[in-house]
Amino acid sequence: MTKKIAWITDSTAYIPDDLKNNPDVYVIPLGIVFGNNVFDDGIDLTTEELYQRIREEKDIPKTSQPPIGKFTELFEKLSIDYDCAIAIHVSDKLSGTLACCTSASDSVPLQVEVIDSKSMSYAITTLLYKGIELAEQGIDCKDIAVTLRQEADKSENYIVLGSLEQFYKGGRMTGTQYLLGSLLRIKPIIRINSDGAFELFERVRSEKKAYLRMIELFKHAYHQNNIQQLQIMHGNVRNKAEAFKQDLLSQFPGLDIVIGEISSAIAVHAGEGTLAVIWHNEEK
């Protein structure tokens, strides 16, 4: 008999409407910390409210991993109606969320397969879709988890930050990198590498050159791999995302391109104005 599977992720993931409306998908929010106040990402604080507070207040907010109790409570509830759960979370190198999930899973009467996405945002979304598709084919929970851990290595991403200051104050880049970027007006291209950690990929002189460089990087991957879709994620700059989409379509007509917003938990570090591209490399 096919087991009933619960799908769990966190608020760094991009959750389109079909996943929001899927009764088997559950999202654990990260915390957004402003001074002594902690807001649940996507519940107590929208991205619009976050950007407004950052503009009006001097303090740069921080993020906090979900309390282990939230995972324990959810797992105990799910154990009543589900046979197992697959939890796909933001990279272990970027947050303690995965560790909290793993610790909670050890103390509940539910089989929980924990997956390190080694990324965030739509890279997690892709793994959710792939996992749900495998489950519909009747694949066992443990075997789905094995496949998804392999699939996590196929994600590729490049990010142009909206705010060097927020990225620096959030502990995501060194003081030297921040100083160089600020003084020389360099637009660094950041990526989450194969280990799941942020790294400075390349320095370019302008935002326009950064976008052109990202198109070059995608072109190389496109000719090397079977890429069905590209995602453009942005921080409150939908117009830039739409323009970038048209630039891509002029070179790759027919390419499926999804545009979405980064979550508040990501925007805290990346800043308003961020634009990122993400895709999944499948072998031809």
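You'll find the structure just up there.
A quick note: this is a predicted structure, and the numbers were derived from the prediction, not measured.

S.K.: Could you clarify how one ought to interpret the overall build of the protein chain in this entry?
M.R.: Looking only at helices and strands, one finds 11 helices and 13 strands in the protein chain. In terms of overall dimensions, the protein chain is globule-like: its C-alpha atoms have a radius of gyration of 19 Å, near the 19 Å expected for 284 residues. With the C-alpha coordinates aligned to their principal axes, the bounding extent of the protein chain is approximately 60 × 50 × 30 Å. Here the analysis covers contacts within the protein chain between residues at least 6 apart in sequence; of these, 74% occur between residues at least 24 apart. Of the roughly 13,500 Å² of accessible surface on the protein chain, a fraction of 47% belongs to carbon and sulfur atoms.

S.K.: Explain the environment of Gln65 here, please?
M.R.: If you trace the backbone, Gln65 turns up in the loop between strand S5 (62-64) and helix H3 (68-81). Remark: the alpha-carbon pair of Gln65 and Thr97, spanning 32 residues in sequence, is separated by 5.1 Å. Once residues within four sequence positions are removed from consideration, Gln65 is found in contact with Ser95, Gly96, Thr97 and Cys100.

S.K.: For this particular structure, what's the right way to read the packing of aromatic side chains?
M.R.: Given two aromatic rings, their pairing is described by the distance between the two centres and the angle made by the two planes. Applying the stated rule across the entire model yields 11 aromatic pairs. Measuring from ring centre to ring centre gives 5.8 Å for Tyr158 and Trp279, while their planes differ by 40 degrees; the resulting arrangement is tilted. Of this pair, Tyr158 sits in strand S8 (residues 155-160) while Trp279 sits in strand S13 (residues 275-280); the two residues are 121 residues apart in sequence, bridging distant segments of the chain. Across the pair, Trp279 and Tyr158 agree in class, each one buried. Put simply, the rings of Tyr158, Phe201, Phe218, Tyr222, Phe252 and Trp279 pair up and form one aromatic cluster. For Lys4, the ring lying beneath its charged end belongs to Tyr82, and the centroid distance is 4.7 Å.

S.K.: Help me understand the environment of Glu199, please; the structure alone is not making it clear to me.
M.R.: Mapped onto the elements of the fold, Glu199 is located in strand S10 (residues 198-204). Once the C-alpha coordinates of Glu199 and Pro67 are considered, the two residues, 132 residues apart in sequence, prove to be 27 Å apart. There is a polar contact of 2.6 Å between the side chain of Glu199 and the side chain of Arg191. Within polar-contact distance, the side chain of Glu199 engages the side chain of Asn193 at 3.2 Å.

S.K.: Can you help me understand the packing of helix H5 (residues 122-136) against helix H6 (residues 141-151) in this one?
M.R.: The geometry of a pair of packed helices is captured by two quantities: the angle between their axes and the separation between those axes. Direction vectors running N to C along H5 and H6 enclose 150 degrees, while the axes themselves pass 10 Å from each other. If you check the angle between H5 and H6, you find them roughly antiparallel. Regarding H5 and H6, the two cross each other, and that crossing is right-handed. Of H6, the residues touching H5 (which contributes Leu127, Lys130, Gly131, Leu134 and Ala135) are Ile144, Thr147, Leu148 and Glu151. Of the residues assigned to the contact of H5 with H6, the class counts are 5 nonpolar, 2 polar and 2 charged.

S.K.: Mind showing me how you'd approach the pairing of S10 here?
M.R.: Side-chain direction in a regular strand flips from residue to residue, so the side chains alternate between the two faces of the sheet. The pairing of strand S9 (residues 187-192) with S10 spans 6 bridges and is antiparallel. Residue pairing for S10: Arg191 is matched across the bridge by Glu199. Turn length for the S9-S10 hairpin, with the two strands adjacent in sequence and antiparallel, is 5 residues, and the turn residue Gly196 shows positive phi of about 90 degrees.

About the cut-offs
Residues numbered from 1 in each chain as written. Predicted model: local features only at pLDDT ≥ 70, side-chain atom pairs only at ≥ 80, totals over all residues. Heavy atoms only, no water. Helix = DSSP H or I, 4+ residues; strand = E, 2+ residues; numbered from the N terminus. Rg over C-alpha atoms; globule rule 2.2 N^0.38 Å. Contact = heavy atoms within 4.5 Å. Areas by Shrake-Rupley, 256 points an atom, 1.4 Å probe, with all protein chains shown as cover. Phe/Tyr/Trp six-rings, centres within 6.5 Å; stacked < 30°, edge-to-face > 60°. Buried < 20%, exposed > 50% of the residue type's maximum accessible area, 1.4 Å probe, protein only. Lys NZ or Arg CZ within 6 Å of the ring centre and 35° of its normal. Polar contact = N/O pair within 3.5 Å; in protein donor to acceptor, adjacent residues only side chain to side chain. Axes fitted to C-alpha atoms, helices over the stretch in contact; angles between N-to-C directions. Parallel < 35°, antiparallel > 145°, perpendicular 65-115°, else oblique. Left-handed = near helix turned anticlockwise from the far one by under 90°. Nonpolar A, V, L, I, M, F, W, Y, C, P; charged D, E, K, R; others polar. Pairing = 2+ DSSP bridges.

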